[in-house]
Amino acid sequence: MHSPKLMTVLLFFLIQVNAVHSANVTMSFGEKIPPFCFPETNSGLELDVIGEALAYRGHKLIPSYYPLARIPIAFKQKLVNATMTDLGEDLTTYGGHYGDPAVWYDNVLITLKEKNLTINKPEDLKDLSVISFQGALKRYPKWLNPVKAAGNYYELNDQKLQVLTLNKGRYDVVLSDRNIFKYFSLQLKRTAKFSSKPIIEHKFIKLDLNNYRPVFRDAAIRDDFNLGLKQLKDNGRYQEIYDHYLKE
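Residues numbered from 1 in each chain as written. Predicted model: local features only at pLDDT ≥ 70, side-chain atom pairs only at ≥ 80, totals over all residues. Heavy atoms only, no water.

Caption draft 1: Geometry of helix H8 (residues 219-234). With 16 residues, H8 should cover 22 Å at 1.5 Å per step; its first-to-last C-alpha distance of 23 Å lies within 8% of that length. Considered for burial, the residues of H8 that qualify are Ile-221, Arg-222, Asp-224, Phe-225, Asn-226, Gly-228, Leu-229 and Leu-232. Among the structural elements, strand S1 (24-30), helix H2 (45-55), strand S4 (97-98), strand S10 (215-216) and helix H9 (237-246) are those in contact with the buried residues of H8. The backbone nitrogen of Ala-220 lies 2.8 Å from a side-chain oxygen of the residue at the head of H8, namely Asp-218. (Helix = DSSP H or I, 4+ residues; strand = E, 2+ residues; numbered from the N terminus. Expected span 1.5 Å × (residues − 1). Buried < 20%, exposed > 50% of the residue type's maximum accessible area, 1.4 Å probe, protein only. Contact = heavy atoms within 4.5 Å. Polar contact = N/O pair within 3.5 Å; in protein donor to acceptor, adjacent residues only side chain to side chain.)

Structure follows, in structure tokens:
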């Protein structure tokens, strides 16, 4: 049987080891991507998931906000020691270690049900007006370049307005992440002046979860994050975070 003195020494040692391995994790995020990121409160679906996953092993998330295109650049320039995504650029050559996907952006084409539109291929967008988030043209040129050439393509950073303008029939199609569109629809529904019309979501690309993996400079912290993320999913906390922002 261990003596009380020995147990005290062992407890002190464990606390010290944990303190040594706990770290502040500075991570680059987008400036404002509701419901994923709210810089003014350091909260949001993505921040909450990543922050709580890191906290599982005692790490503290310190978010740093950048324009979307600069998120991986901040990592490459060593302004941060982690990034929410690589935006399609392999960051392993810059000392990056990829974690498991915390959240993902599921971009779809959204139309009003009353318009009875079918969209399965780029040609189906012919003669339709499309409004999207900034930068979508570079990401989906096969789908959007013909629309732009016809003068029917528009980009709008305020995605709440995308919901409003589609609902009013000012545009035929919205390209948006389905959860972002849902979040703003829920926010607008809580006002007496907005009545949401039924919509249809058209899948136009295959979702690849590897496109949405956070990147860490420290492999051990990456491993701790993966363990914490699994814990969040196993104990139901992961779904609770989603429901907090997206449940009607």
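Having seen it, we continue.
Caption draft 2: Focus on the nonpolar core. Within the largest apolar cluster, 45 residues are counted, with the highest numbers of intra-cluster contacts made by Leu-45 and Val-49. The leading source of residues in this core is H2, at six residues. Apart from residues lying up to four places away in sequence, Val-49 is in contact with Ala-102, Val-103, Leu-229, Leu-232, Tyr-238 and Ile-241. Of all hydrophobic cores here, the second largest spans 16 residues; its members include Ile-119, Val-130, Leu-137 and Leu-175. (Core = buried A, V, L, I, M, F, W, Y, C linked by side-chain atoms within 4.5 Å.)

Caption draft 3: Highlighting the sheet that holds strand S6 (residues 130-132). Pairing is mixed in the open sheet, where five strands are placed in the order S7-S6-S8-S5-S9. Single-partner strands in this sheet number two, and they are strand S7 (153-155) and strand S9 (199-202). The mean inter-strand angle of the sheet, taken between neighbouring strand axes irrespective of direction, is 25°. For S6 and strand S8 (residues 173-177), the ladder comprises three bridges, and the chain directions are parallel. Across the sheet, residue Ser-132 finds its bridge partner in S8, namely Leu-175. Lying over the sheet, helix H6 (residues 159-167) contacts strand S5 (107-112), S6, S8 and S9, oriented at roughly 150° with respect to S8. Across the sheet, helix H7 (residues 178-189) is in contact with S5, S8 and S9; its angle to S8 comes to roughly 105°. (Pairing = 2+ DSSP bridges. Axes fitted to C-alpha atoms, helices over the stretch in contact; angles between N-to-C directions.)

Caption draft 4: Spotlight on the packing of H2 against H8. Between H2 and H8, the least distance of the axes is 7 Å, while the angle of their chain directions is 110°. Here H8 runs roughly perpendicular to H2, going by the angle between their axes. On H8, the residues that touch Val-49, Ile-50, Glu-52, Ala-53 and Leu-54 of H2 are Ile-221, Asp-224, Phe-225, Gly-228, Leu-229 and Leu-232. Looking at the contact of H2 with H8 residue by residue, the class counts come to eight nonpolar, one polar and two charged. (Parallel < 35°, antiparallel > 145°, perpendicular 65-115°, else oblique. Nonpolar A, V, L, I, M, F, W, Y, C, P; charged D, E, K, R; others polar.)

Caption draft 5: Inspection of the side chain of Asn-179 at higher detail. Summarising the element assignment, Asn-179 is placed in helix H7. On the accessibility criterion, Asn-179 (14% relative accessible area) is buried.

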